Amino acid sequence: MSSSRRLFFALTLPDALQQQVIRWRAEAFAPEVGRPVAAANLHLTLAFLGDVSAQKESALKKLAGRISQPGFSMVLDDLGHWPRPGVVWLGTRRAPRGLLQLAELLRSQAARSGCYQSPMPFHPHITLLRSATQPVAVPPATPGWNFSADEFALYQSVFENGRTRYQMLDQWSLTH
Ligand code: 3AM
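Residues numbered from 1 in each chain as written. Predicted model: local features only at pLDDT ≥ 70, side-chain atom pairs only at ≥ 80, totals over all residues. Heavy atoms only, no water.

A.B. asks: How should the site of the ligand be read in this particular structure?
C.D. replies: In the vicinity of the ligand, the contacting residues are Arg 6, Phe 8, His 43, Thr 45, Phe 48, His 125, Thr 127, Arg 130 and Tyr 166. Side-chain polar atom of His 43 to an oxygen atom of the ligand: 3.3 Å apart, as the coordinates give it. For the ligand, whose free accessible area comes to 480 Å², the fraction covered by protein is 66%. Applying the majority rule of atoms within 2 Å of the grid points places the ligand in the largest pocket. (Near = heavy atom within 4 Å. Polar contact = N/O pair within 3.5 Å; in protein donor to acceptor, adjacent residues only side chain to side chain. Areas by Shrake-Rupley, 256 points an atom, 1.4 Å probe, with all protein chains shown as cover. 1 Å grid on protein atoms, 1.4 Å probe; cavity = no way out; pocket = protein on both sides within 12 Å on 5 of 7 lines; lining within 4 Å. Sits in = over half its atoms within 2 Å of the grid points.)

A.B. asks: Would you take a moment to explain the side chain of Gln 18 for this structure?
C.D. replies: With respect to the helices, strands and loops of the structure, Gln 18 is situated in helix α1 (residues 15-28). For Gln 18, a relative accessible area of 7% gives the class buried. Dropping the residues within four chain positions of it, Gln 18 is found in contact with Leu 13, Ala 39, Ala 40 and Leu 42. (Helix = DSSP H or I, 4+ residues; strand = E, 2+ residues; numbered from the N terminus. Buried < 20%, exposed > 50% of the residue type's maximum accessible area, 1.4 Å probe, protein only. Contact = heavy atoms within 4.5 Å.)

A.B. asks: How should I be thinking about the nonpolar core in this particular structure?
C.D. replies: Here is a general trend for soluble globular proteins: nonpolar side chains tend to be buried in one another's company. One finds Phe 9, Leu 11, Leu 46, Leu 49, Leu 102, Leu 128 and Phe 152 to be the most contacted residues of the largest nonpolar core, which totals 42 residues. Counting five residues, the second-largest nonpolar core is a separate cluster that includes Ala 10, Ala 153, Tyr 155 and Tyr 166. (Core = buried A, V, L, I, M, F, W, Y, C linked by side-chain atoms within 4.5 Å.)

A.B. asks: I tried to follow the layout of surface pockets on my own but got confused; where do I start?
C.D. replies: Any empty space left between the atoms is revealed when a probe the size of a water molecule rolls over them. As a volume, the largest pocket reaches approximately 850 Å³. Contributions of two or more residues to the lining of the largest pocket are made by β1 (5-12), β3 (43-52) and β7 (126-130). At five residues, β3 tops the list of elements feeding residues into the lining of the largest pocket. Partitioned by chemical class, the residues of the lining of the largest pocket number twelve nonpolar, eight polar and three charged. Size it by volume and the second largest pocket reaches roughly 390 Å³. Around the second largest pocket, the lining residues are Arg 35, Pro 36, Val 37, Ala 38, Asn 41, Arg 130, Glu 160, Gly 162, Arg 163, Thr 164, Arg 165 and Tyr 166. (Points joined across faces, edges and corners; volume = space filled by probe spheres on them. Nonpolar A, V, L, I, M, F, W, Y, C, P; charged D, E, K, R; others polar.)

Take a look at the structure:
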């Protein structure tokens, strides 16, 4: 059995917000637009790590545990469609500095630990629909939910029975 796991750091959406988002999504997008991401899988990726050995995972967890920075909040008021990866996403027009700092730190720690990091700029987003490769009529506005991040987490991406499930492995508080 391989001991490497497919990992990423992300912000978790609180349960209540997950439910609000999926209720709105069901009204805002026709079923044929794309495959909805399961409520429990809704997240904002901070750093994608790829397949990581147990040793590297442990080193990355130690580094994550030393991060000391305040929590932050944002308004989820932006929507978009990336036709190539087929993603419809929810985001923010004004990314808080704390979010950008946290992602930058996790991404640079990952790169220094040998995890390939995309040269594309970080674009904070929550994937709502996948396999959305045809043109999409994106609604002009969202309800403008407020999303407060008080912690960040390490997730494993598990593919089983034809489904992807994200399993939280560890979580760290953002200080106040
Ligand atoms: O749902 P989002 O877009 O936040 O797209 C994958 C998902 O992000 C992304 O990692 C998150 C958890 O799977 N991902 C998958 N492969 C990737 C790669 N090679 C990747 N991000 C960057 N590079």
